[in-house]
Amino acid sequence: MSILVTGGAGYIGSHTVILLIEAGYDIVIFDNFCNASKEAIKRVEKIVGHKIATFEGDVRNREDLTKVFKSHNIDAVIHFAGLKAVGESVENPLKYYDNNVNGTAVLCEVMAEYGCKSIVFSSSATVYGDPHTTPIVESFPLFATNPYGRTKLFVEEMLRDLYVSDNDWKIVLLRYFNPVGAHDLGIMGEDPNGIPNNLMPFIAQTAVGKRESLSIFGGDYDTPDGTGIRDYIHVMDLADGHVKALEIIKNLSEVMTINLGTGNGYSVLDMVKAFEKASGKKVPYKIVPRRAGDIAKCFADPSYAKEVLGWEAKRSIDEMCQDTWRWQSRNPDGYKNKGK
Ligand code: NAD
Ligand code: UDP
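Residues numbered from 1 in each chain as written. Chains lettered and ligands numbered in written order. Predicted model: local features only at pLDDT ≥ 70, side-chain atom pairs only at ≥ 80, totals over all residues. Heavy atoms only, no water.

(A) Here's a closer look at the overall build of the protein chain. When its secondary structure is counted, the protein chain shows 11 helices and 14 strands. Against the compact-globule benchmark of 20 Å for 340 residues, the protein chain has a radius of gyration of 19 Å, which places it among compact chains. Overall, the protein chain is about 55 × 45 × 40 Å in size when its C-alpha atoms are taken along their principal axes. Taken over 340 residues, the protein chain has a buried fraction of 56%. Long-range pairs, those at least 24 residues apart, make up 80% of the contacts in the protein chain with a sequence separation of at least 6. Here the protein chain displays about 14500 Å² of accessible surface, and carbon together with sulfur accounts for 49% of that area. (Helix = DSSP H or I, 4+ residues; strand = E, 2+ residues; numbered from the N terminus. Rg over C-alpha atoms; globule rule 2.2 N^0.38 Å. Buried < 20%, exposed > 50% of the residue type's maximum accessible area, 1.4 Å probe, protein only. Contact = heavy atoms within 4.5 Å. Areas by Shrake-Rupley, 256 points an atom, 1.4 Å probe, with all protein chains shown as cover.)

(B) Geometry of the site of ligand 2. Close to ligand 2 lie 14 residues; L199, S215, R230, R291 and D294 are nearest. Element by element, the count of residues in the shell around ligand 2 is highest for strand β8 (residues 214-217), at 4 residues. Grouping the constituent residues of the shell around ligand 2 by class yields 6 nonpolar, 5 polar and 3 charged. (Near = heavy atom within 4 Å. Nonpolar A, V, L, I, M, F, W, Y, C, P; charged D, E, K, R; others polar.)

(C) Structural view of the side chain of S2. Structurally, S2 is set in strand β1 (residues 2-6). Ignoring any residue separated from it by four or fewer positions in sequence, one finds S2 in contact with D26, N73, I74, D75 and A76.

(D) Looking closely at helix α1 (residues 11-22). Most of α1 sits out of view: 11 of its 12 residues are buried. Burial in α1 covers these residues: Y11, I12, G13, S14, H15, T16, V17, I18, L19, L20 and I21. After α1 finishes, the residue G24 shows a positive phi value of roughly 100°.

(E) Quick peek at the sheet that holds β1. Taken in spatial order, the 7 strands make up an open sheet running β3-β2-β1-β4-β5-β6-β11, and their pairing is parallel. Every interior strand has two partners, whereas the edge strands, β3 (53-56) and β11 (256-260), have only one. With strand direction ignored, the average angle separating the axes of adjacent strands in the sheet is 20°. Against the sheet, helix α3 (residues 62-71) makes contact with β1, β2 (26-31), β3 and β4 (76-79), and its axis sits at roughly 170° relative to β2, the strand it touches most. Contacts between helix α8 (residues 235-249) and the sheet are confined to β1, β4, β5 (118-124), β6 (170-176) and β11, with β6 contributing the most and set at about 160° to the helix. (Pairing = 2+ DSSP bridges. Axes fitted to C-alpha atoms, helices over the stretch in contact; angles between N-to-C directions.)

(F) Quick look at the site of ligand 1. Every one of the 28 residues lining ligand 1 counts as a neighbour, but I12, D31, N35, K84 and Y148 are closest to it. Side-chain polar atom of N35 to an oxygen atom of ligand 1: 2.7 Å apart, as the coordinates give it. Within the contact set of ligand 1, a nitrogen atom lies 3.0 Å away from a backbone nitrogen or oxygen of V59. If ligand 1 stood free it would expose 820 Å²; the protein chains cover 96% of that surface. (Polar contact = N/O pair within 3.5 Å; in protein donor to acceptor, adjacent residues only side chain to side chain.)

(G) Structural context of the packing of aromatic side chains. According to the stated counting rule, one finds 5 aromatic pairs in the structure shown. We note K38 situated over the ring of F33; from NZ or CZ to the ring centre the distance is 5.2 Å. (Phe/Tyr/Trp six-rings, centres within 6.5 Å; stacked < 30°, edge-to-face > 60°. Lys NZ or Arg CZ within 6 Å of the ring centre and 35° of its normal.)

(H) Quick peek at the pattern of salt bridges. What the rule picks out here adds up to 23 salt bridges. Members of the salt-bridge network, linked through shared partners, are E156, E157, R160 and R175. (Salt bridge = Lys/Arg side-chain N within 4 Å of Asp/Glu carboxyl O.)

(I) Looking closely at the packing of helix α7 (residues 199-207) against helix α9 (residues 268-279). Taken N-terminus to C-terminus, the directions of α7 and α9 make an angle of 40°; their axes are 11 Å apart at the nearest point. Classed by the angle they form, the pair α7 and α9 counts as oblique. When the axes of α7 and α9 are compared, the crossing they make is right-handed. Residue-level contacts link L199, M200, I203, A204 and A207 of α7 to V268, M271, V272, F275 and S279 of α9. Residues that form the contact of α7 with α9 fall into these classes: 9 nonpolar, 1 polar and no charged. (Parallel < 35°, antiparallel > 145°, perpendicular 65-115°, else oblique. Left-handed = near helix turned anticlockwise from the far one by under 90°.)

(J) Structural view of the nonpolar core. Ranked by size, the top nonpolar core spans 48 residues in total, and within it I27, V172 and L260 carry the most contacts. Considering each element in turn, this core owes the most residues, 9 residues, to α8. In this structure V172 touches I119, V120, F121, A245, I249, L252, M256 and I258, once residues within four positions along its chain are discounted. Core analysis: the second largest hydrophobic core is formed by 27 residues, V101, Y163, I171 and V255 among them. (Core = buried A, V, L, I, M, F, W, Y, C linked by side-chain atoms within 4.5 Å.)

Note that all results are geometric; they support no functional claim without further evidence.
Encoded structure:
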C-alpha cells in the first residue's frame with residue numbers, strides 16, 4: 001500500500017514515516033520545507049536503511065501534487081503539512097487560512113481526481129478551546145481561541161462536509177495533545193526555528209545551555225502547583241496512532257474523530273523536574289505572568305482511541321525527557337548546517 005505523507009519532513013511526519021515503513025507501507029514524502037530540513041529525511045533514510053521517494057512541493061499547488069499522483073498509485077494520504085505557530089497566526093491570519101485551509105482543499109481536489117479518497121488529518125486539542133472540564137472527550141463543544149485553532153476547526157468541518165457530499169471518502173481526524181520526545185536513536189527530533197514557543201524544546205535548549213532560563217507562564221492557575229497542566233505524548237506513540245488509523249481506514253462508514261493523548265496531565269514544574277532528572281542538568285526558571293490565550297488544564301480521555309484503534313500511549317514522561325535529551329545533547333543545533 002502506498003501512502004503519501006504531506007509534511008513528512010516535519011517533526012511528527014518524519015517520526016511517523018519510520019513506523020509506517022517498519023509496518024510495510026511504501027511511502028512518498030511531500031513537503032515544501034518551509035519548516036523542515038532535508039537533513040531530517042536523510043536521518044530517516046539512515047534509520048530505515050533505504051531511500052524514500054521525496055517530492056519538494058506545496059499542497060496549495062495543483063501541479064506539484066499532480067506530479068506525485070501521476071507517478072505513484074497513492075492509496076491514502078496522511079496530511080501533516082501545515083503551519084502551527086499560534087502567535088504568527090494572530091499576526092498573519094490569511095497566511096494560515098491559505099496554507100492550512102486552502103492547502104487542504106486543493107489536496108482533496110487532486111486526491112479525488114486520482115480516485116484516492118482516504119485521508120488522515122492532523123487536528124489538535126486546540127479545537128476544544130478552554131474545556132469546561134477534564135479529561136476531554138471527543139464530543140465536547142468545539143471552540144477556537146486563535147486563527148491557527150480556527151484553521152484546524154474549519155478543516156475538520158470541511159472534511160465532514162466532503163464526506164456528506166460523497167460517502168466514498170474515508171476520513172480520520174486525529175486530535176493531538178502535546179507531542180514531545182524523539183526517536184530513541186538520538187539522531188532525529190524536534191528542531192524549531194528561532195526561539196521555541198513550546199515548553200519541551202525550550203526546556204531542552206535551556207538544559208543544553210543555549211537559553212539562560214525558562215520563563216514559566218503563570219504560577220497562579222487553579223492547579224496543584226499553580227502552573228499549567230498538559231497531556232504530553234511521546235511522538236513515537238503519536239506516530240503509532242497513525243499506523244493504527246491506517247489499519248481501520250478502509251472499513252470506515254463515518255468520519256472518525258479521535259483524541260491522541262495519554263490521559264495524564266503534568267504541570268510545567270513536573271516537566272522541569274522530569275527533565276532535570278533525565279538530563280542531570282539544572283533547568284533555571286522564573287515564574288512570569290500568564291501567556292495570553294493559555295488555559296489552566298488540558299488532558300485527554302483517550303478511551304475512544306483504545307476502543308476503535310486498539311491504541312494507547314505506552315511511553316512515560318521519563319522516556320519523553322530522556323529521548324528529547326539524547327537528541328538535544330547530541331545535536332545542540334538540531335539539523336542546522338546540514339542542508340537546511
Ligand atoms: P512541523 O512544522 O514540524 O511539520 C509540518 C511540515 O509541513 C513541515 O515539514 C513543513 O515544511 C510542511 N509544510 C507546511 N506547509 C506546507 C505546504 N503548504 N506544502 C507542503 N508542505 C508544507 O509541525 P509538526 O509539529 O510536525 O506538526 C504536524 C501537523 O500536526 C501540523 O498540521 C500541526 O498543525 C499538527 N499539530 C501539531 C502539534 C504540535 O504541537 N507539534 C499539535 C497538534 C497538531
Ligand atoms: N509554557 C511555559 N513556558 C514556555 C512555553 C510554555 O511556561 O516557554 C507553558 C504553557 O503556558 C503551557 C505549557 O507550558 O502551560 C505547554 O505549552 P506549549 O506551548 O508547549 O503547548 P500548548 O500551549 O499548545 O498546550
